[in-house]
Amino acid sequence: MTAGPRLVVVGDPAGRRVAFFQDALRAAGLPGARAVAWLDVLRGRAGFAAGETVRVDSPGEVPAVDRLLRGTDDPARVEGGRLWYERFTAALAGLAAGAARAGAVLVDDPAETAVLFDKRLAHGRLAAAGVPVPASPTSGPAGAPVRGWDDLVALMAAAGLPRVFVKPAHGSSASGVLALETAGGGRVQAVTSVERDGAGRLFNSLRVRRYTGAREVGALVDALAPDGLHVERWLPKAVQGGRAADLRVVVTGGRATHAVVRTSRSPLTNLHLGGARGDLAAAIAAAGSRWEEALAVCERAAAAFPGTRCVGVDLLPGAGWRRFAVGEVNAFGDLLPGLTGLPGSGAEGLDTYGAQVADLLDRPPDRAGAPVAAASGATTVTTAPVTTGTGST
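Structural notes, computed from the coordinates. What you are looking at is a predicted structure, and each value in this text was computed from that prediction instead of being measured. (Residues numbered from 1 in each chain as written. Predicted model: local features only at pLDDT ≥ 70, side-chain atom pairs only at ≥ 80, totals over all residues. Heavy atoms only, no water.)

## With respect to the overall build of the protein chain
Note the threshold: Numbering goes from the N terminus for both helices and strands, where a helix is a DSSP run of H or I of at least four residues and a strand is a run of E of at least two. The reference for a compact globule is 2.2 Å times residues^0.38; the radius of gyration itself is calculated from the C-alpha atoms. For the exposure calls, accessible area comes from a 1.4 Å probe over protein chains only, and a residue counts as buried if that area is under 20% of its type's maximum, exposed if over 50%, partly exposed in between. Should any heavy atoms of two residues lie within 4.5 Å, those residues are considered in contact. We get accessible surface area from the Shrake-Rupley algorithm with a probe of 1.4 Å; when it comes to residues, only the shown protein chains can shield them. In this count, Lys and Arg are taken as positive residues and Asp and Glu as negative ones, while His and the chain termini are left out. Taken as the charge centre is NZ of Lys, CZ of Arg, CG of Asp or CD of Glu, depending on the residue.
Counting its secondary structure elements, the protein chain contains eleven helices and 19 strands. Taking 21 Å as the expected radius of gyration for a compact globule of 393 residues, we find that the protein chain reaches 21 Å, a close match to that expectation. Across its three principal directions, the C-alpha atoms of the protein chain cover 70 × 55 × 35 Å. Sorting the 393 residues of the protein chain into buried and exposed places 53% on the buried side. In the protein chain, 65% of the contacts between residues at least 6 apart in sequence involve partners at least 24 apart. Summed over all atoms, the accessible surface of the protein chain reaches about 16500 Å², with 53% contributed by carbon and sulfur. Side-chain charges of the protein chain comprise 42 positive and 37 negative groups, with the mean position of each set lying 3 Å from the other.

Below is the structure:
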């Protein structure tokens, strides 16, 4: 087998993300990684050893993990994003500290992961780096707060933004996102996957729906606001086959390695909400000489997070595929099964996980300054277990 780092992957040992990464290791002739469950991290039972390289993957797709982070037994609930973020970032910091004490090294910078999971902070960092992004009154640490519908209306008016996306600051997979537009005469409508029950609770739905009127839309915003909201201009998107189109571009080791076109009849292009993969060759042809510019924008976005080796960039092509802006940068945006690398990317024939393994072999994480463990055994992460309102888990 090929010599390589002693790898650990933190994730769901039985989940597809870890399975894809293990498959990529085997394809590269490497031994499998030692898998550590997020559930063990959250309960203070995870351990690392000197010389290990630790790759942290998404804590999603495990109901027990989501319950510990979000504080609810119903995975379909939208609320709880602020609590999820606080617990996730605290657990990530504890994981990093435990790994450092053991003499292990993390693949990615946990402080950057924390920024990536706050859309306001991530947007501000991109803007400061000169990356084209939609205008936003909530961008950066000094961005305006949105405490409810009245705040949102005032911000939209002051910024001259009649059409915006309203996003939970710590959300993912379009959970809680509203595509909101206003017009004369007080007309208001929002397109979203959020479903509101009779008690006012919000749930994720796989069906995109439309809400109209300030009272109905305002109630949604008021319910979402306590978890934090990010607001940005709704940019008109390019069209492919009569459907709105954008791209997810994976940047690995600083290079745009993979891309997929996402199309939808609604403003939300997420594939799990009825979006469909579009024709990448047709998108490249439509962009023409500007395709390289599109990839360069994604690489500039990734460069704003130099301590994170692989990100998924949501790229918003303007009408005619002539201008490009970055909607989001995703820390765990690599789950694109069956997608192989772009021509000329250096990842031809590799999926997103294979490209990351190749990058790890080519550029092992810098161990300079890493603490030397006092003993050869594993060091357990010593953060306190995540607690809920009913006591320790």
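## Description of helix α1 (residues 16-27)
The criterion, for reference: For a helix, the expected span equals 1.5 Å multiplied by the number of residues minus one. The reported arc concerns the directions from the helix axis to the C-beta atoms and nothing else.
Taking 1.5 Å as the rise per residue, α1 with twelve residues should run 16 Å; its terminal C-alpha atoms sit 16 Å apart, in good agreement. Within α1 the residues assigned to the buried category are Arg17, Val18, Phe21, Gln22, Ala24 and Leu25. Around the axis of α1, the buried residues are gathered within 155° of arc, so they sit on the same side. Exposed residues lying more than 90 degrees from the buried face of α1 are Arg26 and Ala27. At its buried positions, α1 is contacted by β1 (6-11), β4 (52-56) and α11 (352-362). Looking one or two residues beyond α1, the residue adopting positive phi is Gly29, at roughly 80°.

## Regarding unusual backbone geometry
At Glu61, a residue that is not glycine, the phi angle is positive and equals roughly 70°. Inspection of the secondary structure assignment puts Glu61 in the loop between β4 and α3 (63-70). In the Ramachandran plot, Trp321 falls in the positive-phi region, its phi being about 60° despite a non-glycine side chain. You can see Trp321 is positioned in the loop between β15 (310-317) and β16 (324-330).

## Considering the environment of Leu155
Relative to the elements of secondary structure, Leu155 occurs in helix α7 (residues 149-159). Taking the relative accessible area as the measure of exposure, Leu155 reaches 16% and is therefore buried. Each C-alpha atom, one on Leu155 and one on Leu92, is 33 Å from the other, the two residues being 63 residues apart in sequence. In contact with Leu155, other than residues within four places in its own chain, are Pro137, Thr138, Ala144, Pro145 and Val146.

## Observations regarding α11
Definition in use: Polar contacts, as used here, are pairs of N or O atoms within 3.5 Å; protein pairs need one atom able to donate a hydrogen and one able to accept it. Residues neighboring in sequence count only if both atoms are side-chain atoms.
Counted residue by residue, α11 has eight buried out of eleven residues, so it is predominantly covered. Along its buried surface, α11 packs onto β1, α1, β4, β12 (243-252), β13 (255-264) and β15. Here α11 starts with a cap whose side-chain oxygen sits 3.1 Å from the backbone nitrogen of Tyr353, and that cap is Asp351.

## Looking at empty space enclosed by the protein
Any empty space left between the atoms is revealed when a probe the size of a water molecule rolls over them. Selection criterion: Throughout, the protein atoms alone are placed on a 1 Å grid, and a set of points is a cavity if a 1.4 Å probe fits but cannot get out or a pocket if it is open with protein on both sides within 12 Å along at least five of seven lines; lining residues have an atom within 4 Å of a point. Grid points are joined across faces, edges and corners, and a volume is the space filled by probe spheres set on the points. Throughout this entry, Asp, Glu, Lys and Arg are counted as charged residues, while Ala, Val, Leu, Ile, Met, Phe, Trp, Tyr, Cys and Pro are counted as nonpolar. The remaining residues, Gly among them, count as polar.
What the rule picks out here adds up to three cavities of 30 Å³ or more. Reported here for the largest cavity is a volume of approximately 150 Å³. Of all the secondary structure elements, the ones that give two or more residues to the lining of the largest cavity are β4 and α11. Take the lining of the largest cavity: its biggest share by element is three residues, from α11. By residue class, the composition of the lining of the largest cavity is six nonpolar, two polar and six charged. Its volume calculated, the second largest cavity comes out at about 90 Å³.

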